[in-house]
Amino acid sequence: MSLNNTSILLIIEGTYPWYRGGVSEWVYQYLKELDSYDFHILQVATDEFKQLDPYNALYPITENVKSFTRVPPPTLKSDWETAKETWFQSIVESVPVYKYDTIHVTNTGFAGWLGIRISDLFNAPLVLTEHALYWKEVEKGAVALECGYQIPDNFEAKSEIVDIFKQIASEVYSSSEEVVSVSRVNIPYQKQFGADSPKYIPNGVPTDLLTPDKKRTNIPVIGWIGRCAEMKNPKLFFEIVEVFQSRSLDVSFVMMLSDANEKELEQEVRALAKKHPEVTMIWNEPAHQYLHQFDMLCITSHNESQPLVMFEALSNKALPIGWEVGDLTSEFGFVVPSGTSTNTLVDQVSALWEDSSKFNELTESKYDLVAYNHTWTSIFKKYDELFRELLVEDA
């Protein structure tokens with residue numbers, strides 16, 4: 001069937017198109033690759049995001065985006081059952097009225113719940129692509145959501161937020177025609193909360209990011225890339241640096257951070273950077289401009305689903321290292337079990353580097369995995385197929 005002028009309402013939370021990060025990159029590549037579709041974007045965003053011009057931002061708005069509308073997140077000053085209805089009634093008139101063929105949501109947070117209601121309102125099938133488990137992010141210490149909503153500090157309020165997101169997740173799973181996870185590790189949780197047959201469609205990289213001819217350097221360069229957010233645990237990287245410096249292996253360090261509006265943490269990271277001049281600090285710059293310098297990428301997150309930066313690193317033959325978390329496993333990197341000491345991690349990484357044949361063989365095998373299975377073109381062909389099948393069934 002022809003999908004020309006097929007209209008998709010994409011409901012997202014903050015980040016795209018203003019902030020760097022895995023979800024922002026996914027949204028941009030999704031819009032770019034599915035250029036035969038018409039998209040309308042509905043973004044749940046705090047006032048901070050609402051004042052910004054989406055057409056003058058970090059990521060371009062692609063030509064197939066026909067409208068971009070922003071609404072605030074709910075105010076949770078009452079119980080969720082009351083707050084969600086008050087919220088919906090306050091924003092429903094802001095939703096652009098079109099004949100949507102599909103409603104596509106990117107999480108099981110506020111955007112996901114809104115997708116349920118709008119799917120019913122426009123009698124259009126709901127598709128979920130889940131990048132992270134919101135309830136688990138909050139359990140693991142997230143201080144803010146993508147939309148800018150600040151997580152309460154006290155235990156009782158935080159526990160209530162976890163329960164709300166578990167409830168929303170269950171509702172979104174049961175209401176969706178298709179449930180997609182970008183992460184294998186999250187699928188058992190999706191099934192636990194009611195998803196029937198979730199599909200796995202992973203993250204990817206642009207084909208022009210692949211660097212098949214790259215060779216390792218004489219002195220290893222270990223990098224860190226991510227948002228300056230508590231969930232990414234950037235301070236742990238400085239501990240790793242300190243341990244490496246107590247060993248005989250000569251190492252260079254590069255740390256690339258992007259703003260996450262966590263001001264207190266940012267101050268702490270900047271203070272640590274001053275104490276560690278051996279770490280080259282880079283703020284708010286595109287990772288792809290520096291990844292070719294890296295031999296390894298250190299991931300220190302408290303919680304992950306499938307970190308996109310893991311694939312971006314491998315496309316540049318930089319081996320992901322760290323503690324096993326989410327989809328960062330031995331499939332995609334060199335990892336030690338959670339709870340392993342920093343000393344042990346550093347010693348094992350040092351030994352791997354000093355065995356150049358083993359390091360090169362491991363890195364090449366992970367690079368091939370990404371080159372053959374994780375380019376954006378191949379990833380979004382799967383979404384094209386999914387939408388075609390869905391729209392035929394719905395016709």
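In the block above lies the structure referred to throughout.
Residues numbered from 1 in each chain as written. Predicted model: local features only at pLDDT ≥ 70, side-chain atom pairs only at ≥ 80, totals over all residues. Heavy atoms only, no water.

## Looking at the packing of helix H8 (residues 235-245) against helix H11 (residues 342-354)
What counts is decided by this rule: Each axis is a line fitted through C-alpha atoms, and for a helix only the stretch in contact is used; angles between axes span 0 to 180 degrees, taken between their N-to-C directions. By definition, any uninterrupted DSSP run of H or I lasting at least four residues is a helix, any uninterrupted run of E lasting at least two residues is a strand, and each is numbered from the N terminus. Here roughly perpendicular refers to angles of 65 to 115 degrees, roughly parallel to angles under 35, roughly antiparallel to angles over 145, and oblique to all remaining angles. In this scheme, a crossing is called left-handed if the near helix is turned counterclockwise away from the far one by less than a right angle; it is called right-handed if the turn is clockwise. Contact definition: two residues touch when any of their heavy atoms are within 4.5 Å.
At a minimum axis distance of 9 Å, the contact between H8 and H11 shows a crossing angle of 60°. With respect to H11, the element H8 is oriented oblique. Every pair of crossing elements has a handedness; the one defined by H8 and H11 is right-handed. For the pair H8 and H11, the contacting residues are Leu236, Glu239, Ile240, Val243 and Phe244 in the first and Thr342, Asn343, Leu345, Val346, Val349 and Ser350 in the second.

## With respect to helix H6 (residues 155-175)
The cut-off we apply is this: Given the number of residues in a helix, its expected span is that number minus one, multiplied by 1.5 Å. Burial classification: accessible surface area is computed with a 1.4 Å probe over protein chains only, and a residue below 20% of its type maximum counts as buried, one above 50% as exposed, and the rest as partly exposed. What the arc covers is the set of directions going from the helix axis to the C-beta atoms.
The end-to-end C-alpha distance of H6, which contains 21 residues, comes to 30 Å, matching closely the 30 Å that a straight helix rising 1.5 Å per residue would cover. Taken together, the buried positions of H6 are Ala157, Ile161, Val162, Ile164, Phe165, Ile168, Ala169, Val172 and Tyr173. Projection of H6 onto a plane perpendicular to its axis shows the buried side chains occupying an angular sector of 165°, all on one side. Turned more than 90 degrees away from the buried face of H6 sit Phe155, Glu156 and Ser174, all of them exposed.

## A few points about the environment of Lys381
Among the secondary structure elements, Lys381 is positioned in helix H13 (residues 376-394). Considered as a pair, Lys381 and Leu34 are 347 residues apart in the sequence and their alpha carbons are 8.3 Å apart.

## Digging into the side chain of Lys214
Inclusion rule: Asp and Glu are treated as the negative residues and Lys and Arg as the positive ones, with His and the ends of the chain left uncounted. Whenever Lys or Arg places a side-chain nitrogen within 4 Å of a carboxyl oxygen from Asp or Glu, that contact is recorded as a salt bridge. Any N or O atom pair separated by 3.5 Å or less is treated as a polar contact, with the protein-specific requirement of one donor-capable and one acceptor-capable atom, and with residues adjacent in sequence counted only for side-chain atom pairs.
Mapped onto the elements of the fold, Lys214 is located in the loop between strand E7 (199-200) and strand E8 (221-227). Salt bridges are absent for the buried Lys214, whose nearest opposite-charge side chain, Asp295, sits at 4.9 Å. A distance of 2.8 Å separates a polar atom in the side chain of Lys214 from the backbone oxygen of Asn316. Residues in contact with Lys214, not counting those within four places in the same chain, are Leu291, His292, Gln293, Phe294, Asp295, Asn316, Lys317 and Ala318.

## Concerning the nonpolar core
Test applied: As used here, the term nonpolar core means buried Ala, Val, Leu, Ile, Met, Phe, Trp, Tyr and Cys residues forming a set that is joined through side-chain atoms within 4.5 Å.
Formed by 42 residues in total, the largest nonpolar core has its most connected members in Ile11, Leu114, Ile118 and Phe165. If you tally residues by element for this core, the top one is H6, at eight residues. Setting aside residues no more than four positions away along its own chain, Leu114 makes contact with Ile11, Leu42, Val44, Val71, Trp87, Phe88 and Ile91.

## Observations concerning the layout of surface pockets
Heads up, the rule is: Put plainly, a pocket is an open set of points on a 1 Å grid over the protein atoms alone with protein on both sides within 12 Å along at least five of seven lines, a cavity is a set where a 1.4 Å probe fits but cannot get out, and a lining residue has an atom within 4 Å of a point. Grid points are joined across faces, edges and corners, and a volume is the space filled by probe spheres set on the points. Each residue gets one of three labels, nonpolar for Ala, Val, Leu, Ile, Met, Phe, Trp, Tyr, Cys and Pro, charged for Asp, Glu, Lys and Arg, and polar for the others, Gly among them.
The volume enclosed by the second largest pocket comes to roughly 190 Å³. Taken together, Asn233, Leu236, Ile299, Thr300, Ser301, His302, Trp323, Glu324, Val325, Ser338, Gly339 and Thr340 form the lining of the second largest pocket. Its residues assigned to classes, the lining of the second largest pocket comprises four nonpolar, seven polar and one charged.

## Comments concerning the sheet that holds strand E9 (residues 252-258)
So the rule is basically this: One bridge is not enough; two strands pair if DSSP finds at least two bridges between them.
With respect to topology, six strands assemble into an open sheet ordered E10-E9-E8-E11-E12-E13, the strand pairing being parallel. Either end of the sheet is taken by a strand with one partner, and the two such strands are strand E10 (279-283) and strand E13 (334-336). Across the sheet, the mean angle from the axis of one strand to that of its neighbour is 20°, orientation sign disregarded. With five bridges joining them, E9 and E10 adopt parallel strand pairing. The residue bridging Met256 from the neighbouring strand is Ile282, located in E10. Of the strands in this sheet, E9 and E10 touch helix H9 (residues 263-275), which is tilted by about 145° from E10. With respect to the sheet, helix H12 (residues 356-373) is in contact with strand E11 (296-299), strand E12 (319-323) and E13, its orientation differing from that of E12 by roughly 100°.

## A word on unusual backbone geometry
Despite not being glycine, Asn123 shows a phi value in the positive range, around 50°. For Asn123, the position within the fold is in the loop between helix H4 (110-122) and strand E5 (126-130). Here the phi dihedral of Asn233 falls at roughly 55°; this positive angle occurs in a residue that is not glycine.

## Observations concerning a negative patch on the surface
This is how the line gets drawn: Surface patches are defined over residues having more than 30% relative accessible area and no salt bridge, joining like charges when they lie within 9 Å and nonpolar side chains (Val, Leu, Ile, Met, Phe, Trp, Tyr) when within 5 Å. Computed by Shrake-Rupley with a 1.4 Å probe, the accessible areas treat only the displayed protein chains as cover when residues are assessed. Taken as the charge location is NZ of Lys, CZ of Arg, CG of Asp or CD of Glu.
A surface patch of negative charge is lined by Asp79, Glu156, Glu160 and Asp163. Assignment of secondary structure puts Glu160 in helix H6. Residue class for Glu160 comes out partly exposed when judged on its relative accessible area of 43%.

## Focus on the sheet that holds strand E1 (residues 7-13)
The parallel open sheet is built from seven strands, whose spatial order is E3-E2-E1-E4-E5-E6-E7. Of all strands in the sheet, those with a lone pairing partner are strand E3 (65-71) and E7, marking the two edges. Pairing analysis gives seven bridges linking E1 to strand E2 (residues 38-44), with the strands arranged parallel. Paired with Glu13 across the strands is Val44, a residue of E2. Its contacts with the sheet put H4 on E1, E2, E3, strand E4 (102-105) and E5, and the angle it makes with E1 is roughly 150°.

## Some thoughts on the packing of aromatic side chains
Under the convention used in this document: Here the aromatic set is Phe, Tyr and Trp, taking the six-membered ring for Trp, and pairing holds for ring centres within 6.5 Å; pairs whose planes are under 30 degrees apart are stacked, those over 60 apart are edge-to-face, and all others are tilted.
Under the definition given, this model contains 29 aromatic pairs. Centroid distance Tyr134 to Phe165: 5.5 Å. Interplanar angle 85°. Geometry classified as edge-to-face. Placement of the pair is Tyr134 in helix H5 (residues 134-139) and Phe165 in helix H6, with a sequence separation of 31 residues. By relative accessible area, Tyr134 is classed as buried at 5%. A relative accessible area of 1% means that Phe165 is categorised as buried.

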